[in-house]
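The lines below spell out each chain.
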Amino acid sequence: MLRHLIAAFVGLLATLLPVALVSAAPQTVYFPSADGRTALVGYVFQPVGPGPWPAIVMLHGRGGPYSSNDNAGCTYVGATFASPCNAGSLSRRHMMWGEYWSARGFLALLPDSFGPRGKAHGFARFTHDDPDRAEVNEISVRPLDAEGALAYLRGLHEIIASQIYLQGWSNGGSTALNVMIRQENQQGSQQGHQAGYRGALVFYPGCGESALLAPALFVSAPIAMFLGSDDEEVSPIICQHVAERSRRDGNPIDVTIYAGATHDFDDPSARRQSAPGNQAAMDDALVKAIALVNGWKK
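All residue numbers here refer to positions counted from 1 along the written sequence of the relevant chain. Local features in a predicted model are, by the rule used here, given only for residues with pLDDT of at least 70; side-chain atom pairs are given and counted only at 80 or more, and totals for whole chains, interfaces and linings are based on all residues. Each side-chain value is derived from all of the structure's non-hydrogen atoms; neither hydrogens nor water enter the calculation.

Things to note about the packing of helix α3 (residues 92-103) against helix α9 (residues 278-296)
Test applied: Between the N-to-C directions of two axes lies an angle of 0 to 180 degrees, each axis being a line fitted to C-alpha atoms and, for a helix, fitted only over the stretch in contact. Counting from the N terminus, the helices are the DSSP runs of H or I reaching at least four residues and the strands are the DSSP runs of E reaching at least two. Every angle not falling under 35 degrees, over 145, or within 65 to 115 is termed oblique; those three ranges are roughly parallel, roughly antiparallel and roughly perpendicular. The crossing is said to be left-handed when, going from far helix to near helix, the turn is anticlockwise and less than a right angle, and right-handed when the turn is clockwise. Residues are treated as being in contact if the distance between any of their heavy atoms lies within 4.5 Å. Each residue is assigned to one of three groups, with Ala, Val, Leu, Ile, Met, Phe, Trp, Tyr, Cys and Pro labelled nonpolar, Asp, Glu, Lys and Arg labelled charged, and all others, Gly among them, labelled polar.
Interaxial distance between α3 and α9 falls to 12 Å at its minimum, and their mutual angle equals 40 degrees. Considering their axes alone, α3 and α9 lie oblique with respect to each other. Helix-helix and strand crossings are classified by hand; for α3 and α9 the assignment is right-handed. Two secondary-structure elements touch here, α3 through Met96, Trp97, Tyr100 and Trp101 and α9 through Met282, Ala285, Leu286, Ala289, Ile290 and Val293. In terms of residue class, the contact of α3 with α9 is built from 10 nonpolar, no polar and no charged.

And the structure:
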């Protein structure tokens, strides 16, 4: 009897464990950027159930995809090079979101734009003018990585090619906006909506003139911005102005502004979550993200 009670308790405990404790480590994959010369590294969070699955590409911010506890000494990351920056040292935020999507039946792909270009260490806050960032900029370089990720996913039979979405944070959020602008320009509105990314979730992006390809977003696929009113690194007001100009022209841009939330409000670390407003913002964003994407699928 005691044995049965213990087994039942262990089974119940397993169902209550957070996804992060029971999910498998992300897989490492390699695929080409659309720049035609860079072999990208990507980390795949795969759902447990059978495919085909919808997919989401996650674009890291200026700090890179790896934990700040591990990335200080990292430079190059690639298929033939052993680095402490790898699938086992991704940041908590990227792990949380990758597991979030895979638990909800989406395959999530996190491309590393920095490691394959010798910059796996990432960049500290307020380094917008660092000349070393030009080689991985959000206007002419990183959008090509997102386009390479899209082509890679569309070539997998496990993926529903018409249901691939985009998510980006900070510098990766600006990249995501530029991807959507490029997509519209290259493919035309209706074709782009069907053949490209079906929508984008954009967290606290830079929206200034030096960050975006255009002062307004002319897109047919929907975009949802998540901004913190107390962002200390980028201006939520500028992003609001971009969204307002875009909406006036009929573009599907949704904006959520979290009172008291800072940059990186969805970083689950205790330090970041101790900031007033961040916990409520993260909790709300986690609810809204899946609801938005599921709505876009219809």
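Remarks on the packing of aromatic side chains
Test applied: Two aromatic rings from Phe, Tyr or Trp, using only the six-membered ring of Trp, form a pair when their centres are within 6.5 Å; if the ring planes differ by under 30 degrees the pair is stacked, by over 60 it is edge-to-face, and anything between is tilted. Each residue is placed in one exposure class: buried if its accessible area under a 1.4 Å probe, protein chains only, is under 20% of its type's maximum, exposed if it is over 50%, and partly exposed if it falls in between.
Summed over all chains, the structure comprises 18 aromatic pairs. Ring centres of Tyr76 and Phe81 lie 5.7 Å apart, and the angle between their planes is 75 degrees; this geometry places the pair in the edge-to-face category. A ring pair is formed by Phe203 and Phe265, whose centres lie 6.0 Å apart and whose planes are at 40 degrees; its orientation type is tilted. With Phe203 in strand β6 (residues 200-203) and Phe265 in the loop between β8 (253-258) and α8 (270-273), the pair connects residues that are 62 residues apart, well separated along the chain. Accessibility assignment for this pair places Phe203 and Phe265 in one class, buried.

Observations concerning the packing of helix α4 (residues 142-154) against helix α5 (residues 171-187)
For the pair α4 and α5, the least separation of the axes is 9 Å and the interaxial angle reads 70 degrees. Comparing their axes, α5 and α4 come out roughly perpendicular. You can see that α4 and α5 cross each other, and the crossing is right-handed. Facing α4, whose interface residues are Arg142, Pro143, Leu144, Ala146 and Glu147, α5 presents Asn171, Gly172, Thr175, Asn178, Val179, Arg182 and Gln186.

A short note on the pairing of strand β7 (residues 223-228)
The test is simple: Pairing between strands is defined by DSSP: at least two bridges between the two strands are required.
For β7, the buried fraction is high: six of the six residues fall into the buried class. Residues Ile223, Met225 and Leu227 point to one face of β7 and Ala224, Phe226 and Gly228 to the other, with burial holding for every one of them. Bridge count for β6 against β7 is four bridges, and the pairing is parallel. Considered in β7, the bridge of Ala200 is made with Ile223. Inspection of the sheet shows β7 paired to β8 by six bridges, in the parallel sense. The partner of Phe226 across the bridge, within β8, is Thr256.

A look at the pattern of salt bridges
As a reminder, the rule being used: Note on definitions: salt bridges are taken to be side-chain nitrogens of Lys or Arg within 4 Å of carboxyl oxygens of Asp or Glu.
In the structure shown here, the tally under the stated rule is eight salt bridges. Each of Asp35, Arg117 and Asp145 takes part in one network of salt bridges that share partners.

Some details on empty space enclosed by the protein
Going by this rule: Here a cavity means grid points, on a 1 Å grid over the protein atoms only, where a 1.4 Å probe fits yet cannot get out; a pocket means an open set of points with protein on both sides within 12 Å along at least five of seven lines; lining residues are those with an atom within 4 Å of a point. Grid points are joined across faces, edges and corners, and a volume is the space filled by probe spheres set on the points.
Evaluated as defined, the whole model comprises one cavity of 30 Å³ or more. Computed from the structure, the largest cavity encloses a volume of approximately 30 Å³. In this structure, the largest cavity is lined by Arg62, Phe114, Phe123, Arg133, Val136, Asn137 and Asn171.

A short note on the layout of surface pockets
Reported here for the largest pocket is a volume of approximately 770 Å³. Residue assignment for the lining of the largest pocket shows that the elements contributing at least two residues are α3 and α8. Considering every element that reaches the lining of the largest pocket, the biggest residue donor is α3, with four residues.

Notes on the sheet that holds strand β4 (residues 107-112)
Reading across from one edge, β1-β2-β4-β3-β5-β6-β7-β8 is the order of the eight strands in this open sheet, with mixed pairing throughout. Every interior strand has two partners, whereas the edge strands, β1 (27-32) and β8, have only one. Going across the sheet, the axis of each strand differs from the next one's by a mean of 25 degrees, ignoring polarity. Relative to strand β5 (residues 159-169), α5 is tilted by about 135 degrees, and along the sheet it contacts β3 (53-59), β5, β6 and β7. Taken strand by strand, helix α7 (residues 236-248) contacts β7 and β8, and its axis lies near 155 degrees from that of β8.

Observations regarding the confidence of the model for the protein
Test applied: pLDDT gives the predictor's per-residue confidence on a scale running from 0 to 100.
Summary statistics for the protein give a mean pLDDT of 89 and a share of 89% for residues scoring 70 or more. When the criterion is pLDDT under 50, residues 1-22 qualifies, and its contacts beyond four places in sequence or with other chains add up to five contacts. Note that pLDDT drops below 50 for residues 189-193; the model gives that stretch 10 contacts with residues more than four away or on any other chain.

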